[in-house]
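Summary of structural features
Letter by letter, the chains look like this.
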Amino acid sequence: MDDSVGHHCGLAGVYNVPDAAARCYLGLFALQHRGQESAGIAVSDGKNLNVKKSMGLVTEVFRPKDFEELHGHIGVGHVRYSTTGSSRLVNVQPLVIDTAHGLIAVAHNGNLVNAKTLRDEFEAHGSIFQTSTDSEVIVHLLARPEHAGYERGLLQSLPRILGAYSFIFMTHDKLIAARDPQGFRPLVLGRIAVPGHLKSIGEGWMVASETCALDQAGAVFEREIEPGELLIIDAEGVRSKRFAEPKPAHCMFEHVYFARPDSMIFGDYVHQIRLKLGEKLAQEHPVKADVVIGVPDSGNVAAQGFARASGIPFDFGFIRSHYVGRSFIKPDQLEREKVVDMKFNAVRSVVDGKRVVVVDDSLVRGTTFRRQAKLLRQAGATEIHLRISCPPTKHACYYGIDFLSRGELIAGKLKSVEAIREYLNIESLGYVSEEGLLSVVSRPGSHYCTACWNGKYPVHPVDVMDKLGMEKC
Ligand code: SF4
C-alpha cells in the first residue's frame, strides 16, 4: 500500500517454563514488527500438543481464555508476513503435523530457494501437502521412514534445503532450533530462570528471532544459534550439533530496517549501527542545511547520527500516525497519496523557512517520499536534501524479504541517482555507499548478504517464483 518493504516472520520458543504459552505471547508481542498477518502458539505438556492460531495481530489472536487452554511447559510461537504462500488460515504457523515419529510443530522465518523443486519431487512420490508454504517441505523431508527420529532426520534433511531458514521445532518433549549455513536471519538463545520449572527436565530456555523478545519474556541472552547449527533442548540439556559448515551471509537489511533498534543481532546493537550509518551518510554526502529530520519511525536513529556528525541540529519534522488501518482498500495512485497524508504530517514549526535534511532507511518505489517532499514544501521547507542509509535497492530478495520486482524498484527502473532526484523533485539525494554500509558492522563485510544492492546472491535461487508460486488454486 505504501512504499515500505514487507517484513517477514518472527519466532519465539520456550523450554521448561510453567507458563510456556504466556512467555511465547510476550516474545511474539515484541516481534510483531516482523509480521502482522497472523500469529500462532503451540504448546506441549510433555504428552500432548495443543495449538491456537489465527489471522491478525498477536493481541487480536489471543484472548485470556486461550491461556487457560494452552497448558504446557514447552512452546513455540510465530508471527507471519507471507513471503511464500498466500495470507490465509491454512498457512498460519506453527504448522502442526502428524508424522511417523509423532506430532511436530514447526515455525519458520526465511524463504527456501529450492522448495518448489523439492515439493514437486515429493508430490511425484505421493506426498500430500496441506499448505502452500515453503516451510512444509522440511516436514516432508523429516517424515521419511528411513530417519530414526527427528534429531537424525534433521541432521540429514537440513543440508537438502537451500536458502534462508531459522527454524524452531517442538515435539512433545523437545525444543529444537536450526539456522541455515548463511545465518541470513537472526536467531538467539536465552536462559529463563523462573520458579516452577520442572527440575527433572533441566533448566528453562528460550529461542527467539531477536533479543528484544528475550527481554520482553524475561530471558537473558546467552548466545546466537550459529549458522549451520542444530540445537536440541531436552531433558539431557542443551546439545549442539553441526549439519553444515558456516558460510555467513547475514542479511544487512536487518540492521538497516527490519530488526528492532533495541535488539542485538549478528554481534552488534541495531541502534548503534543505525546511528553509525547516519554518521557515515553525513561524511559521504555533506550538505549545508538548517535542520535534520528523520522519516519516522525507522529513519529517526540514522537522522540523529547524521545530525551528530554534521553538527546540524536534529528535530522531529514528521509526525506519523500509527492508527492507519491495515485493511485499507488497495489504493489507486490518488488514494495512495491520501494514505501517505493520513500517515504523515510535516511539522511546520520545525521546517518552515528551513533547508531540511531528511534521513530515511530505504527508498523502494519512491512514491511515498515524493508525497512526503510535497508535504514538507507545503509546510514551508525551502530546500529538501534526502539521505538514505543504504545503497540504491536494485535487485529482488529471494531470502524472505518481500521487495518489489526490479521493475517497480525506483533504483532498478531509473538508471542514475540524478534521475531519481529529479523524479522526487528535491534539491539533492545521497545514498550510503556499499563500502560505507559494511564499514559500520563489527564482523567482516564478507559475512553479510548485500544482494539487493549489488545482485551478488550468496545462495543461487533455484526456484524463482512469486509468493503464490506454490498455490494450487
Ligand atoms: S537480498 Fe537484501 S534483503 Fe535479502 S537477505 Fe540479502 S541483504 Fe537481506
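Residues numbered from 1 in each chain as written. Predicted model: local features only at pLDDT ≥ 70, side-chain atom pairs only at ≥ 80, totals over all residues.

**Topic: the overall build of the chain**
Along the backbone of the chain there are 17 helices and 23 strands. For 473 residues, the compact-globule estimate of 2.2 N^0.38 gives 23 Å, and the C-alpha radius of gyration of the chain, at 23 Å, lies within 12% of that figure. In terms of overall dimensions, the chain has a C-alpha envelope of 70 × 50 × 45 Å along the principal axes. Within the chain, the fraction of its 473 residues that count as buried is 53%. Put simply, 74% of the contacts in the chain that link residues at least 6 apart link residues at least 24 apart. (Helix = DSSP H or I, 4+ residues; strand = E, 2+ residues; numbered from the N terminus. Rg over C-alpha atoms; globule rule 2.2 N^0.38 Å. Buried ≥ 20, exposed ≤ 12 C-beta atoms within 10 Å, placed from the backbone. Contact = placed C-beta atoms within 7 Å.)

**Quick word on the environment of D262**
Counting through the fold element by element, D262 comes out in the loop between α8 (252-258) and β15 (264-265). Residue D262 is classed as partly exposed on the basis of its C-beta count, with 14 C-beta atoms lying within 10 Å. Taking C-alpha positions, D262 is 30 Å from A289, a pair spaced 27 residues apart along the chain.

**Considerations on the environment of K47**
Following the sequence through the fold, K47 ends up in the loop between β2 (38-44) and β3 (49-55). On the basis of neighbour count, K47 is assigned to the exposed category, with 8 C-beta atoms found within 10 Å. Put simply, K47 and T171 are 124 residues apart on the chain and 9.2 Å apart in space, counted from C-alpha to C-alpha.

**Re the site of the ligand**
Near the ligand the following residues occur: F184, C251, M252, F253, C397, Y399, I401, C449, T450, A451 and C452. The set of elements that each furnish at least two residues to the shell around the ligand consists of α8 and α17 (451-454). Across the shell around the ligand, the residue classes tally to 10 nonpolar, 1 polar and no charged. (Near = placed C-beta within 6 Å. Nonpolar A, V, L, I, M, F, W, Y, C, P; charged D, E, K, R; others polar.)

**Thoughts on the sheet that holds strand β1 (residues 10-15)**
Taken together, the 7 strands give an open sheet; going across it, the order is β3-β2-β4-β1-β10-β9-β11, and neighbouring strands pair in antiparallel fashion. In this open sheet, the two edge strands, each paired with only one partner strand, are β3 and β11 (220-224). Looking at each pair of strands side by side, their axes are set apart by 15 degrees on average, direction ignored. Here strand β9 (residues 188-192) pairs with strand β10 (residues 204-208) via 5 bridges, running antiparallel. Looking at the pairing, V188 lines up with A208 of β10. Running at roughly 30 degrees to strand β4 (residues 74-80), helix α1 (residues 20-30) makes contact with β1, β2, β4 and β10 of the sheet. (Pairing = 2+ DSSP bridges. Axes fitted to C-alpha atoms, helices over the stretch in contact; angles between N-to-C directions.)

**Some details on the sheet that holds strand β7 (residues 166-170)**
Pairing is antiparallel across the open sheet formed by 6 strands, whose spatial order is β5-β6-β7-β8-β12-β13. Pairing within the sheet leaves two strands with one partner each, and these edge strands are β5 (95-99) and β13 (237-242). For this sheet the average axis-to-axis angle between neighbouring strands, irrespective of direction, equals 20 degrees. Examined bridge by bridge, strand β12 (residues 229-234) and β13 share 6 bridges and lie antiparallel to one another. Looking across to β13, one finds that D234 is bridged to G237.

**So, the pairing of strand β6 (residues 102-109)**
Taking burial as the measure, the 8 residues of β6 include 6 buried ones, the bulk of the element. Hairpin remark: β5 followed by β6, antiparallel, with 2 residues in the connecting loop. By the bridge criterion, 5 bridges tie β6 to β7 in an arrangement that is antiparallel. Along β7, the bridge assignment pairs A107 with I168.

**Looking at the domain arrangement of the chain**
Taken domain by domain, the chain holds domain 1 (10-249) and domain 2 (271-441). Taking only C-alpha atoms, the centre of domain 1 and the centre of domain 2 are 35 Å apart. Tallying the contact residues gives 11 residues for domain 1 and 5 residues for domain 2. The residue makeup of the side of domain 1 that touches domain 2, split by class, is 4 nonpolar, 6 polar and 1 charged. (Domains from an automatic or database assignment.)

**A short note on unusual backbone geometry**
With an omega of 5 degrees, the peptide bond running from Q93 to P94 counts as cis. Within the element layout of this structure, P94 appears in the loop between β4 and β5. In this chain, P296 is followed by D297 through a cis amide linkage whose omega measures 0 degrees. Considering the arrangement of structural elements, one finds D297 in the loop between β17 (291-294) and α10 (300-310). One non-glycine residue, F266, lies in the positive phi region at around 50 degrees. Its place among the elements puts F266 in the loop between β15 and β16 (268-269).

**Quick notes on helix α6 (residues 150-157)**
Turning to α6, its buried residues number three or more, namely Y150, G153, L154 and S157. Looking straight down α6, one finds that the buried residues subtend no more than 95 degrees of arc, so they occupy a single side. Buried residues in α6 make contact with β6, α5 (136-142), β7, β8 (175-179) and β12. (Arc of directions from axis to C-beta.)

**A short note on the nonpolar core**
The biggest cluster of nonpolar side chains holds 144 residues, and the ones touching the most others in it are A105, I168, I176 and V207. For this core, the element with the most residues is α1, which contributes 8 residues. Contact partners of I176, with chain neighbours within four places excluded, come to Y150, L154, F169, L230, L231 and I232. (Core = buried A, V, L, I, M, F, W, Y, C linked by C-beta atoms within 7 Å.)

**Looking at α10**
Burial of α10 is extensive: 8 of the 11 residues sit out of reach of the surface. Three or more residues of α10 are buried, namely N300, V301, A302, A303, G305, F306, A307 and S310. Residues of α10 that are buried make contact with α9 (270-284), β17, β20 (355-360) and β21 (383-388). Taken from the residues just after α10, G311 is the one with a positive phi, measuring 80 degrees.

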